[in-house]
Amino acid sequence: MDQPLHLAVIAAAAWAAGTLAWVWLGVRGFGRRVLLAPPAGDPAAGVRYAFTAAMLPWAKESVRMHLPSYATGIVFHLGTFVAFGLLAATVAGFELPPALAPTGAIVMLAGAGAGLALLVKRIATPFLRGLSSPDDFIANLLTTSFGALAAVTLLHPQLESAWLITAVVLLVYLPVGKIRHCVVFFSSRAYMGAFFGYRGTFPSARQGR
Amino acid sequence: MASLEERIDALTEAQLRHGLEVFRSKLRAAEAAYLNACVHCGLCADSCHYYRTEPALENVPARKLDHVAAAFKRHFTTAGRLVPRLVGARPFDRAMVRAWLDSVFGRCTLCGRCSLNCTIGIGLPRVFRAARAALAAMGLVPDDLQATVDNSLVHGNNMAITKEDWVDTVQWLEEELQMETGDPGARIPLDKQGARVLFTVNPREPKFFPLSLQASAKVFWAAGEDWTLASDPGWDLTNYGLFNCNDEQAGRITQNLVDAMERLGCTTLVIGECGHGFGSARWEGPEWLQRRYPFELCSVLELMDEYLTSGRIAVDPSRNPKPVTLHDPCNLVRHGGVSEPQRRVLRRSVAHFVEMTPSREQSFCCGGGGGQLAMAAYKDRRIRAGGMKAQQIRATGAEIVVAPCHNCIDQLMELNKEYTLGIQVKTVAEMVAEALVTAGPSPSEGKTTT
């Protein structure tokens, strides 16, 4: 029963990887901006800063002001990453050491809970509701269900089929909507870091010039 | 001339296509990534001074981005073409043009504070500049903003000051400088061939704030600097092409500076105290002209810092006893990378310097950036959005706000009235000039006492 589903997951993952690569190549296809103004700083240092300290509460006001949302987002992502790890292990035929199962299940359940909390926040906050398209709700529901079912599957392996079907749907949907940020997040942040690094604003203007 | 609304109504399909083509032509990989990346988390909302002072959906940076991204998705992505409703893709039509106009001209100063606070790291101002460029290509730049650009193109300065008035003002200020310093040899040189420094100013200085120009001249005098102003186009550092986002026009205005440097044979172009002037000359100018400058360029803040650090000038901070705070112009600091020279200068020149919170790259825009000062239609929003800066200023308890930008100064003076802040607004050079210590033989003889 599970063998065809494993193949379906592999096919869906191939689709996701291929289409995400298509998205990434499409972005790259817009070409690089050739900068002629001499740099005031180091773009590479800007990129490093953008991916590290610039994301922490003391450097980022939006994080400081919204610590619960920020923490919820991190837990949501952590749970999702663990669920994808479990999916890869399952399809590859690796057995998770039994001792790790409760911890994995807790992390993934927490992630799913966080996803649900973010969904409730989106519905309950007028400006977030106004900002949302159907994709915002579908992407969240799919990811949250995927994480929750992964956790449940660890405890009740007989439910694996339902989880794998959810995984297939999620992987097929992944490049269509906002979950594509799993790729463009990295390029966006890198471009932003390089921009401010080139201009000497990052690592931090407090170091000045 | 037809109103913007009438012009939007009269847009043809060909004009819309042209606008979209121009928009596409301004995008590079960075902007394409940004347009694919927003997750609608909404954490950017509180970073925006428009939203903080008026918490409405249309003021959320992500919403402003969404208008632009919707058209991008619809016309340039597969998902947007196939399932537009699902992913929030919408066609670039008249309704969309109205939304762009309202968002990128009417509700944004291109300050970039949202970029630093974005979960993803989306550079919204870069995207909005592409959108403004598309609107410009369709003739939809607000008239008063375009008039400012046209002044620069036609008269060589954005306030249409005649050469005669400019030269008269400089000569009058030179006499004032001689009286102030007691040095009959104190000069405000015009068209001095081969001078080391070509100093450029904001036309608001000769027009409304001549003492600001005189203060810079006094600092140069004290430092014994070899400098000059240009009498012909090239003396005005402003470039509202940065705001109407017509790169061809912006390039022509930048060319005035390059021509003046080449005409006078100067080696260093010094940009006076102006945020967008620095940003456009330092960062965007070479891109607009598609060539590197054959000369050095720096901000006058960096120059004054160098004078003080090297001991070329000396100051007595007790001459500026009132508490002073510093405003960080977005184009100079967040987008310009110049944050510390002005601080070093002020710490030496004033007795009581207090930082705003937040400051430097996290500082709030005053509300006058992005060409807002030139767009009367959005004045009420501008003044309301400036409320964040007013709060910041009030919290410092400062009596003097130093703003190294004449556009910001105009906005801060309006905020001063609107929010009854009871402050004075000055430039860095004015504070330095006030604190200058000179004695003995006159600096015009090259013997500044430090």
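Conventions adopted
- Residues numbered from 1 in each chain as written.
- Chains lettered and ligands numbered in written order.
- Predicted model: local features only at pLDDT ≥ 70, side-chain atom pairs only at ≥ 80, totals over all residues.
- Heavy atoms only, no water.
- Domains from an automatic or database assignment.
- Contact = heavy atoms within 4.5 Å.
- Buried area = accessible area lost by both parts, 1.4 Å probe.
- Salt bridge = Lys/Arg side-chain N within 4 Å of Asp/Glu carboxyl O.
- Polar contact = N/O pair within 3.5 Å; in protein donor to acceptor, adjacent residues only side chain to side chain.
- Helix = DSSP H or I, 4+ residues; strand = E, 2+ residues; numbered from the N terminus.
- Nonpolar A, V, L, I, M, F, W, Y, C, P; charged D, E, K, R; others polar.
- Buried < 20%, exposed > 50% of the residue type's maximum accessible area, 1.4 Å probe, protein only.
- Disulfide = S-S within 2.5 Å.
- Pairing = 2+ DSSP bridges.
- Right-handed = clockwise from strand over helix to strand, strands pointing away.
- Expected span 1.5 Å × (residues − 1).

> Which parts of the structure should I look at to understand the domain arrangement of chain B?
Residues and elements named next belong to chain B. With domains assigned, chain B is organised as domain 1 (4-140), domain 2 (153-203 + 210-242 + 251-297) and domain 3 (310-435). A separation of 22 Å is found between the C-alpha centroids of domain 2 and domain 3. Contact with domain 2, which involves 20 residues of that partner, is made by 21 residues of domain 3. The largest per-residue losses of area from domain 2 upon contact with domain 3 belong to Ser212, Tyr240 and Glu273, which jointly make up 34% of the total buried on that side. For the salt bridge of Arg312 with Glu225, the shortest nitrogen-to-oxygen distance reads 3.7 Å. Where domain 2 meets domain 3, there are 10 residue pairs in polar contact (both at pLDDT 80 or more). Those elements giving two or more residues to the side of domain 2 that touches domain 3 turn out to be α14 (210-223) and α17 (275-289). Residue contributions to the side of domain 2 that touches domain 3 peak at 8 residues, all from α14. By residue class, the composition of the side of domain 2 that touches domain 3 is 10 nonpolar, 7 polar and 3 charged.

> Just to check I follow, could you spell out the pattern of salt bridges for this structure?
In a structure, side chains of opposite charge can pair up when their charged atoms sit close to one another. Residue and element names in this part refer to chain B. Within the structure shown, the criterion is met by 31 salt bridges over all chains. Note that Asp102 is salt-bridged to Arg381, the shortest N-O span being 2.8 Å. Of this pair, Asp102 sits in helix α8 (residues 94-105) while Arg381 sits in helix α20 (residues 379-385), placing them 279 residues apart in sequence. For Arg381, a relative accessible area of 18% gives the class buried. Residues participating in the shared-partner salt-bridge network are Asp328, Glu340, Arg343, Arg347, Glu355 and Arg360.

> Sorry if this is basic, but what is going on with the state of the cysteines here?
Note on terminology: disulfide describes a covalent bond linking the sulfur atoms of two cysteines. Residue and element names in this part refer to chain B. Enumeration according to the criterion identifies 0 disulfides over all chains in this entry. Lacking any disulfide linkage, Cys266 is separated from the closest cysteine sulfur, that of Cys298, by 12 Å. You can see Cys366 has no disulfide; the closest cysteine sulfur is in Cys408, sitting 3.9 Å from it. Judged by relative accessible area, which is 2%, Cys366 ranks as buried.

> Just to check I follow, could you spell out the pairing of strand β5 (residues 323-326) of chain B for this structure?
Side-chain positions along a regular strand alternate between the two faces of the sheet. Residue and element names in this part refer to chain B. The side-chain alternation of β5 yields two buried faces, one formed by Pro323 and Thr325 and the other by Val324 and Leu326. With 3 bridges joining them, β5 and strand β6 (residues 352-354) adopt parallel strand pairing. Of the residues in β6, the one forming a bridge with Pro323 is His352. In this view, the connection linking β5 to its parallel neighbour β6 by way of helix α19 (residues 341-349) has right-handed handedness. Bridge analysis of β5 against strand β7 (residues 400-402) gives 3 bridges, and the strand direction is parallel. When the sheet's bridge partners are listed, Leu326 is paired in β7 with Val402.

> How do you make sense of the interface of chain A and chain B when you look at a structure like this?
Interfaces are often sized by the accessible area lost when the parts come together. Counting residues at the interface gives 59 residues for chain A, matched by 71 residues for chain B. Linking chain A to chain B there are 4 salt bridges. Across the pair B:Glu31 and A:Arg33 runs a salt bridge whose closest N-O atoms are separated by 2.9 Å. Of all the elements in the fold, those that place two or more residues in the side of chain A that touches chain B are α1 (2-28), α3 (61-65), α5 (101-124), α6 (126-131), α7 (134-155) and α9 (181-198) of chain A. Among the elements that line the side of chain A that touches chain B, the one with the most residues is α9(A), at 11 residues.

> In this structure, what is going on with helix α4 (residues 67-92) of chain A? I would like to understand it.
An α-helix turns once per 3.6 residues; consequently, residues spaced three or four apart project the same way. Residues and elements named next belong to chain A. With 26 residues, α4 extends 37 Å from end C-alpha to end C-alpha; this agrees with the ideal 38 Å at 1.5 Å per step. Along α4, the residues that are buried comprise Ser69, Gly73, Phe76, Gly79, Thr80, Ala83, Leu86, Leu87 and Thr90. Looking one or two residues past α4, Gly93 carries a phi angle of roughly 85 degrees, positive in sign.

> Hey, could you run me through the domain arrangement of chain A in this one?
All names here are of chain A. The domain architecture assigned to chain A consists of domain 1 (1-13 + 64-173) and domain 2 (175-204). On a C-alpha basis, the centres of domain 1 and domain 2 stand 24 Å from each other. Note on domain 1 versus domain 2: buried area summed over both sides is about 570 Å², and carbon and sulfur give 55% of it. Counting across the interface, domain 1 meets domain 2 through 1 salt bridge. With a shortest N-O distance of 3.0 Å, Asp136 and Lys178 are connected by a salt bridge. Summed over the shared surface of domain 1 and domain 2, the number is 3 residue pairs in polar contact (both at pLDDT 80 or more). Of the residues contributing to the side of domain 1 that touches domain 2, the split by class is 5 nonpolar, 2 polar and 3 charged.

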